[in-house]
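Architecture at a glance
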Amino acid sequence: MTDSNAGYRYTNTAMLSVTALEAPVIVTSEQIDEELSDTFRRLRLRRGMLQRIAGIRERRWWPEGFSFADAAAMAGAKALSEAGVDARDVGLLVNTSVSRAHLEPSTAVAIHHSLGLPQSALNFDIANACLGFVNGIQVAANMIDAGQIRYALVVAGESSRQAQQATIDRLRRPETTREDVRDQFATLTLGSGAAAMVLAAADEHTDGHRLVGGVSRAATQHHQLCVGDDTTMRTDAKGLLDAGLELAEATWAHVGPWDWQNMDLYVMHQVSVAHTQGVVDRLGLDPARVPVTFPLLGNIGPASLPLTLAHHADSLNSGDRVLCMGVGSGLNTCALEIVW
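In this report, we go over the structure that sits alongside the text. Please read all numbers here as calculations on a predicted model, not as lab measurements.

On inspection of all chains with the given rule, the structure shows 0 disulfides. Cysteine 324 takes part in no disulfide bond, and the closest cysteine sulfur, belonging to cysteine 334, lies 9.2 Å away.

So, in structure tokens, the structure goes:
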């Protein structure tokens, strides 16, 4: 199919539901501009860079005291309800959030407890930057295809509030330089939200949306282009964009027998207008088939791809082909086909 293990196919996995949960507190780019007005004035930088360069007008925050794990659990409960699956039947929970409150235990255990999943349900975190959710789907689908479990729940909850508040505070310091603004600019494009997906054995759910398979590639020589923690993310934005587009193009060149040039919908990880337009141009995609959520929600990490799919699921018809695709810091890329 493709070289080595970069390609994969599924035989008996279907998606039953995908849900999105948006954080309620709207933070506009104009508000951030105002917070940083003194710094911009001193450094002779133009206001409006977040809108002009990234195309992001708004992003969301959770209220104080509401955690990303709470959001992931709420999205998971919604996905189970929409799928008509009892929590007692879930065999696997995968949390794919980038956000972390502590190193151990896993965030998955708190979500498992909140949802009242059975003791028999495996639960763990998968962390792979913005590709974590797709990787969670891959692991769950492999276990379903193997007959080990019947139902899996993949979740992601992200909160950008802490990192953005800390970044704004740092950039307001009198010693801040143009380089500091450039290196920390991407942090201000992040958003908060949650998403969840229920997967099941296709032979038990013939009305589900079949997972077909996909390809993945790595370019880990670029692992230092974007490095972050709970309060700081430093990014070589141009280097990351250039390397990401190069990897996306390399992945597209190794799709083997897959015919992805005329999909009904291309659901991409949401980063910015430059990233989206760059991928569309490099791969020769129809921009009308590439929905975007970043202008009003920002980059919600691994939750952004399933959230975008959830937002546009009602527009899909039976038999439509959907390609979920993204590039994650590190760098890694993945494309996964779902037939509606």
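Turning to the packing of aromatic side chains, a few remarks are in order. Summed over all chains, the structure comprises 4 aromatic pairs. For the ring pair tyrosine 8 and tyrosine 10, a centre distance of 5.5 Å and an interplane angle of 55° mean the geometry is tilted. When the ring of tryptophan 62 is compared with that of phenylalanine 66, the centres are 5.1 Å apart and the planes differ by 45°; the resulting orientation is tilted. Using a relative accessible area of 3% as the deciding quantity, one classes tryptophan 62 as buried. The class for phenylalanine 66 is partly exposed, based on a relative accessible area of 27%. Positioned above the aromatic ring of tryptophan 258 is the side chain of arginine 9, whose terminal nitrogen or guanidinium carbon lies 4.3 Å from the ring centre.

Turning next to unusual backbone geometry. Cis peptide bonds are those with omega within 30 degrees of zero, and the linkage from glutamate 104 to proline 105 qualifies with 0°. With respect to the helices, strands and loops of the structure, proline 105 is situated in the loop between β5 (92-95) and α5 (107-115). With an omega of -10°, the peptide bond between glycine 330 and leucine 331 qualifies as cis. Mapping leucine 331 onto the fold places it in the loop between β13 (321-328) and β14 (332-339). A positive phi is found at arginine 44, a non-glycine position, where the angle reads about 55°. By the secondary structure assignment, arginine 44 is in the loop between α2 (37-43) and α3 (49-54). Phi angles above zero are rare outside glycine, and alanine 129 is one such case at about 50°. With respect to the element layout, alanine 129 can be found in the loop between β6 (122-125) and α6 (132-145). The exposure class of alanine 129 is partly exposed, given its relative accessible area of 24%.

Attention now moves to helix α10 (residues 273-283). Along α10, the positions that sit buried rather than exposed are His275, Thr276, Gly278, Val279, Val280 and Leu283. Each element contacted by the buried residues of α10 is listed here: α9 (237-252), β12 (265-268), α11 (294-297) and β13. Looking one or two residues beyond α10, the residue adopting positive phi is glycine 284, at roughly 70°.

This part covers the packing of α9 against α10. α10 packs onto α9 with a crossing angle of 35° between their chain directions and a minimal axis gap of 10 Å. Where α9 crosses over α10, the two elements pack in a sense that is right-handed. The residues of α10 that touch α9, namely those facing Leu241, Leu245, Glu246, Ala248, Glu249 and Trp252, are Ala274, His275, Gly278, Val279, Arg282 and Leu283. A per-class count over the contact of α9 with α10 returns 7 nonpolar, 2 polar and 3 charged.

Further remarks concern α6. In an α-helix, one turn spans 3.6 residues; hence positions three or four apart end up facing the same way. Look at α6: 20 Å from first C-alpha to last across 14 residues, which is about the 20 Å you get at 1.5 Å a residue. Taking burial as the measure, the 14 residues of α6 include 11 buried ones, the bulk of the element. Residues Gly132, Phe133, Val134, Asn135, Gly136, Ile137, Gln138, Ala140, Ala141, Met143 and Ile144 constitute the buried set of α6. Glycine 147, located one to two residues past α6, shows a positive phi value of around 80°.

This paragraph deals with the nonpolar core. One finds Met15, Met197, Leu199, Leu211, Leu309, Val322 and Trp340 to be the most contacted residues of the largest nonpolar core, which totals 42 residues. If you tally residues by element for this core, the top one is α6, at 7 residues. If near-sequence neighbours (up to four positions away) are discounted, tryptophan 340 is found in contact with Met15, His209, Leu309, Ala313, Leu316, Asn317, Ser318, Gly319, Asp320 and Val322. Formed by 27 residues, the second largest nonpolar core is a distinct cluster that contains Ala72, Ile111, Ala121 and Leu153.

This part takes up the pairing of β13. Buried residues dominate β13, accounting for 7 of its 8 residues. Sheet topology note: the β12/β13 ladder contains 4 bridges and is parallel. The residue bridging leucine 265 from the neighbouring strand is valine 322, located in β13. Bridge analysis of β13 against β14 gives 8 bridges, and the strand direction is antiparallel. When the sheet's bridge partners are listed, methionine 325 is paired in β14 with alanine 335. If you look at the hairpin formed by β13 and β14, you'll find 3 residues sitting between the two strands, and glycine 330 has a positive phi there, around 145°.

Analysis parameters
Residues numbered from 1 in each chain as written. Predicted model: local features only at pLDDT ≥ 70, side-chain atom pairs only at ≥ 80, totals over all residues. Heavy atoms only, no water. Disulfide = S-S within 2.5 Å. Phe/Tyr/Trp six-rings, centres within 6.5 Å; stacked < 30°, edge-to-face > 60°. Buried < 20%, exposed > 50% of the residue type's maximum accessible area, 1.4 Å probe, protein only. Lys NZ or Arg CZ within 6 Å of the ring centre and 35° of its normal. Helix = DSSP H or I, 4+ residues; strand = E, 2+ residues; numbered from the N terminus. Contact = heavy atoms within 4.5 Å. Axes fitted to C-alpha atoms, helices over the stretch in contact; angles between N-to-C directions. Left-handed = near helix turned anticlockwise from the far one by under 90°. Nonpolar A, V, L, I, M, F, W, Y, C, P; charged D, E, K, R; others polar. Expected span 1.5 Å × (residues − 1). Core = buried A, V, L, I, M, F, W, Y, C linked by side-chain atoms within 4.5 Å. Pairing = 2+ DSSP bridges.

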